[in-house]
Amino acid sequence: QIEFAVKTGDALLPILKMDNDLIITHGNGPVVGKILMRQVLSRNTVPPMSMDVCVAHSQGGIAYLLMQNLENTLRTTGNSRHVVCLLTQVEIDPADPAFDNPSKPVGFFYSEQEAQEIHNTLGWTMREDAGRGWRYVVPSPAPKHIVDISLIDTIARSGAVVIAGGGGGIPVVRSADGTRQGVEAVIDKDLSSALMANVLGIETMMILTAVDGVYVNFDTPDQKRLDQISLTDLKQWRDEGQFAAGSMGPKVDAAIKFVEGGGKRAIIAHLDHAAAALQGTTGTQVTR
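Please read these numbers as outputs of a predicted model, since none were measured by experiment.

Calculation rules
- Residues numbered from 1 in each chain as written.
- Predicted model: local features only at pLDDT ≥ 70, side-chain atom pairs only at ≥ 80, totals over all residues.
- Heavy atoms only, no water.
- Salt bridge = Lys/Arg side-chain N within 4 Å of Asp/Glu carboxyl O.
- Helix = DSSP H or I, 4+ residues; strand = E, 2+ residues; numbered from the N terminus.
- Pairing = 2+ DSSP bridges.
- Axes fitted to C-alpha atoms, helices over the stretch in contact; angles between N-to-C directions.
- Contact = heavy atoms within 4.5 Å.
- Buried < 20%, exposed > 50% of the residue type's maximum accessible area, 1.4 Å probe, protein only.
- Expected span 1.5 Å × (residues − 1).
- Core = buried A, V, L, I, M, F, W, Y, C linked by side-chain atoms within 4.5 Å.
- Disulfide = S-S within 2.5 Å.

Draft legend 1. The arrangement of the pattern of salt bridges in detail. The final tally for this structure, using the stated rule, is 14 salt bridges. A salt bridge links Asp212 to Arg225; the shortest N-O distance between them is 3.4 Å. On the criterion of sequence distance, the pair formed by Asp212 in the loop between β11 (204-209) and β12 (214-216) and Arg225 in strand β13 (residues 224-226) is long-range, its members being 13 residues apart.

Draft legend 2. Geometry of the sheet that holds strand β14 (residues 228-230). Ordered by their spatial adjacency, 4 strands build an open sheet running β11-β15-β16-β14, and the pairing between neighbours is mixed. In the strand order of this sheet, the two ends are held by β11 and β14, each with one partner. Averaged over all pairs of adjacent strands, the angle between their axes in this sheet comes to 20°, without regard to strand direction.

Draft legend 3. Inspection of unusual backbone geometry at higher detail. Even without a glycine there, the phi angle at Asn217 is positive, about 55°. Mapped onto the elements, Asn217 comes out in the loop between β12 and β13. Phi is positive for Asp219, which is not a glycine, with a value near 65°.

Draft legend 4. Seen up close, the environment of Met206. Within the secondary structure, Met206 is located in strand β11. Remark: the alpha-carbon pair of Met206 and Phe108, spanning 98 residues in sequence, is separated by 29 Å. In contact with Met206, not counting residues within four places along its chain, are Ile15, Ile267, Ala274, Ala277 and Leu278.

Draft legend 5. View of the pairing of strand β16 (residues 284-287). Note: β14 against β16, 3 bridges, orientation parallel. The residue of β16 that forms the bridge with Ser230 is Thr287. Of the pairings in the sheet, the one linking strand β15 (residues 265-270) to β16 comprises 4 bridges and is antiparallel in character. Within the sheet, the bridge partner assigned to Ala266 lies in β16 and is Val286.

Draft legend 6. Fine view of the side chain of Gln59. Mapping Gln59 onto the fold places it in helix α3 (residues 51-75). The residues touching Gln59, leaving out its near neighbours within four places in the chain, are His26, Leu86, Leu87, Thr88, Gly165, Gly166, Gly169 and Ile170.

Draft legend 7. Examining the sheet that holds strand β1 (residues 23-24) more closely. The strand order across the open sheet formed by 3 strands is β1-β8-β2, and the pairing between neighbours is parallel. Taken across any chain shown, the strands that pair with only one partner, and hence form the sheet edges, are β1 and β2 (83-85). On top of the sheet, α3 reaches β1, β2 and β8 (161-163); it is set at about 175° to β2, its chief contact. Each of β1, β2 and β8 touches helix α5 (residues 149-157); the most contacted strand, β8, lies at about 150° to it.

Draft legend 8. View of the environment of Asn101. Turning to its location among the elements, Asn101 is positioned in the loop between β3 (89-92) and β4 (104-110). You can call Asn101 partly exposed: its relative accessible area is 43%. Sequence separation of Asn101 and Gly165 is 64 residues, and the distance between their C-alpha atoms is 24 Å.

Draft legend 9. Layout of helix α2 (residues 29-41). The first and last C-alpha atoms of α2 sit 18 Å apart over 13 residues, in line with the 18 Å expected at 1.5 Å per residue. Residues Val31, Val32, Gly33, Ile35, Leu36, Gln39 and Val40 constitute the buried set of α2. Elements that come into contact with the buried residues of α2 comprise α3, β4, α4 (112-122) and β6 (134-138).

Draft legend 10. Up close: the nonpolar core. In this structure, Leu36, Met51, Trp124 and Tyr136 are the most contacted members of the largest nonpolar core, which totals 40 residues. Breaking this core down by element, the ones donating at least two residues are α1 (2-16), α2, α3, β4, α4, β6, β8 and β9 (170-174). It is α3 that contributes the most residues to this core, 10 residues altogether. Excluding anything up to four places from it in sequence, Tyr136 contacts Leu36, Met51, Lys104, Pro105, Val106, Trp124, Thr125, Met126 and Glu184. Formed by 21 residues, the second largest nonpolar core is a distinct cluster that contains Ala197, Val214, Val259 and Val286.

Draft legend 11. Examining the state of the cysteines more closely. Evaluated as defined, the whole model comprises 0 disulfides. Just so you know, Cys54 is unpaired, no disulfide at all, and the nearest cysteine sulfur is the one on Cys85, 18 Å from it. Note on Cys85: relative accessible area 28%, which makes it partly exposed.

Rendered as structure tokens:
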């Protein structure tokens, strides 16, 4: 994780040095998986943590490493810009249909016997996953409101880089009296990022990943990267089933939601090419 945080600082340095309002979100899947594995291994000794607390743990740990290494990278160039991390709650609708069918797999694979034991001891909903084993499944409701988004805005406008919304945000519901409580769910990080960017009036959203853009006919002799593409054309490719639900699909959906919600440009590109992608010379560039 430290090595990846250092790599991220190096890749983002040209953007970190710009005079901009910069907000960074991140995933948390592997880290939450490790947190859950620790709970499985200690299930007869240590009481388990709920999923919202697991997400909060991952947010804090990942953001700490990013914050430290982004600032370290800046300091090597004599730049004094600060990086701040905020634990971020995200409200969801308790009536979201996702709660009727938990389907988002998280954590490691287990045998059927292990899965049954885990269900009996921890109460987790376990489901067979594509013939590879059994996994813990939770609801994945849509994000509705980024809690304290005005604070994120204020800090970003002050000049500091803000790390927020990690792992899609800590899933919470709000009662009629305004109080909140966590729920057993995970929120898609790309959709939360798009919502956050739209509410803040951000013009450009970049989704940085391990591939250099969005492809149609992926992994076939006819594969083709989509470079400059309109919202209409991207939606058509999506509706034809070109983008897998477990990989590029959520990123494409988030790019579409962002541009439809008022954003000027969504970019999907490789982390190593972040600066060039922001300049428009690489990656998939989505505009209205």
